[in-house]
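Below are the chains, spelled out letter by letter.
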Amino acid sequence: VQLQASGGGLVQAGGSLRLSCAASGLTFSTYNMGWFRQAPGKEREFVAAISWSGGSTYYADSVKGRFTISRDNAKNTVYLQMNSLKPEDTAVYYCAADRRGYINTIKDEYDYWGQGTQVTVSS
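Residues numbered from 1 in each chain as written. Predicted model: local features only at pLDDT ≥ 70, side-chain atom pairs only at ≥ 80, totals over all residues. Heavy atoms only, no water.

A. Inspection of the state of the cysteines at higher detail. For the structure on display, the rule yields 1 disulfide. In this model Cys21 forms its disulfide with Cys95; the gap between the sulfur atoms is 2.0 Å. On the S-S bond that ties Cys21 to Cys95, the torsion sits near 60°, and the link is right-handed. Of the two residues, Cys21 sits in strand S3 (residues 17-24) while Cys95 sits in strand S9 (residues 91-98), which places them 74 residues apart along the sequence. (Disulfide = S-S within 2.5 Å. Helix = DSSP H or I, 4+ residues; strand = E, 2+ residues; numbered from the N terminus.)

Right, dumping it as structure tokens:
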């Protein structure tokens, strides 16, 4: 199984980025997908998750209203649209896949992880 995250970069506060995570080696349409992030010296934290069908989503309070998670099962890809970025959004962002039948915010319960993509927001 491979999860390849991309789309990170350096952006000014208030700007936008769109992260992508391309999956292979698994039946993508049967997995719920999540995005997590880890800032230097901090624990990896939940950002957003989407159900296998795309019909349900869930967000951390810190990103609600600014970030949007979506997926394209035909392309085996999950996205994270990030708007109104803040310096505190700076982190390495990871995508993850979970086979459970419900949207999951607990990182230890995810089955597969991508390698991460760096997002840096300057003030």
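And the narrative resumes.
B. Looking closely at the pairing of strand S5 (residues 45-50). Buried residues dominate S5, accounting for 5 of its 6 residues. Here strand S4 (residues 32-38) runs beside S5; their pairing, made up of 5 bridges, is antiparallel. Of the residues in S5, the one forming a bridge with Trp35 is Ala48. The antiparallel pairing of S4 with S5 creates a hairpin that spans 6 residues between the two strands, and Gly41 there sits at a positive phi of about 80°. (Buried < 20%, exposed > 50% of the residue type's maximum accessible area, 1.4 Å probe, protein only. Pairing = 2+ DSSP bridges.)

C. Main features of the side chain of Asn104. Examined against the element boundaries, Asn104 turns out to sit in the loop between S9 and strand S10 (112-113). Looking at Asn104, its side chain comes within polar contact range of the main-chain nitrogen of Ile106, at 3.0 Å. Excluding residues that lie within four positions of it along the chain, Asn104 makes contacts with Phe46, Ala49, Asp98, Glu109 and Tyr110. (Polar contact = N/O pair within 3.5 Å; in protein donor to acceptor, adjacent residues only side chain to side chain. Contact = heavy atoms within 4.5 Å.)

D. A look at the sheet that holds strand S8 (residues 77-82). Taken together, the 4 strands give an open sheet; going across it, the order is S1-S3-S8-S7, and neighbouring strands pair in antiparallel fashion. Both outer strands of the open sheet, strand S1 (2-6) and strand S7 (67-72), are each paired with one neighbouring strand and no more. Direction aside, the axes of adjacent strands within the sheet are offset by 15° on average. Examined bridge by bridge, S1 and S3 share 5 bridges and lie antiparallel to one another. Of the residues in S3, the one forming a bridge with Ala5 is Cys21. (Axes fitted to C-alpha atoms, helices over the stretch in contact; angles between N-to-C directions.)

E. View of the nonpolar core. Met33, Trp35, Leu80, Met82 and Tyr93 are the most contacted members of the largest nonpolar core, which totals 36 residues. Within the residue set of this core, elements represented by two or more residues are S1, S3, S4, S5, S7, S8, S9 and strand S11 (117-122). In contact with Met82, other than residues within four places in its own chain, are Gly15, Ser16, Leu17, Leu19, Arg66, Phe67, Tyr93 and Val119. (Core = buried A, V, L, I, M, F, W, Y, C linked by side-chain atoms within 4.5 Å.)

F. Fine view of the pairing of S3. As defined by bridge partners, S3 adjoins S8 across 6 bridges and the pair is classed as antiparallel. Paired with Cys21 across the strands is Val78, a residue of S8.

G. Expanded view of the pattern of salt bridges. One pass over the full model with this rule turns up 7 salt bridges. Put simply, Asp89 and Arg66 hold a salt bridge, and the shortest N to O gap is 2.7 Å. Separated by 23 residues along the polypeptide, Asp89 in the loop between S8 and S9 and Arg66 in the loop between strand S6 (57-59) and S7 bring together distant segments of the chain. Classification of Asp89 as buried rests on a relative accessible area of 1%. Among the ionic contacts, a cluster of salt bridges with common partners joins Arg37, Glu45, Arg66 and Asp89. (Salt bridge = Lys/Arg side-chain N within 4 Å of Asp/Glu carboxyl O.)

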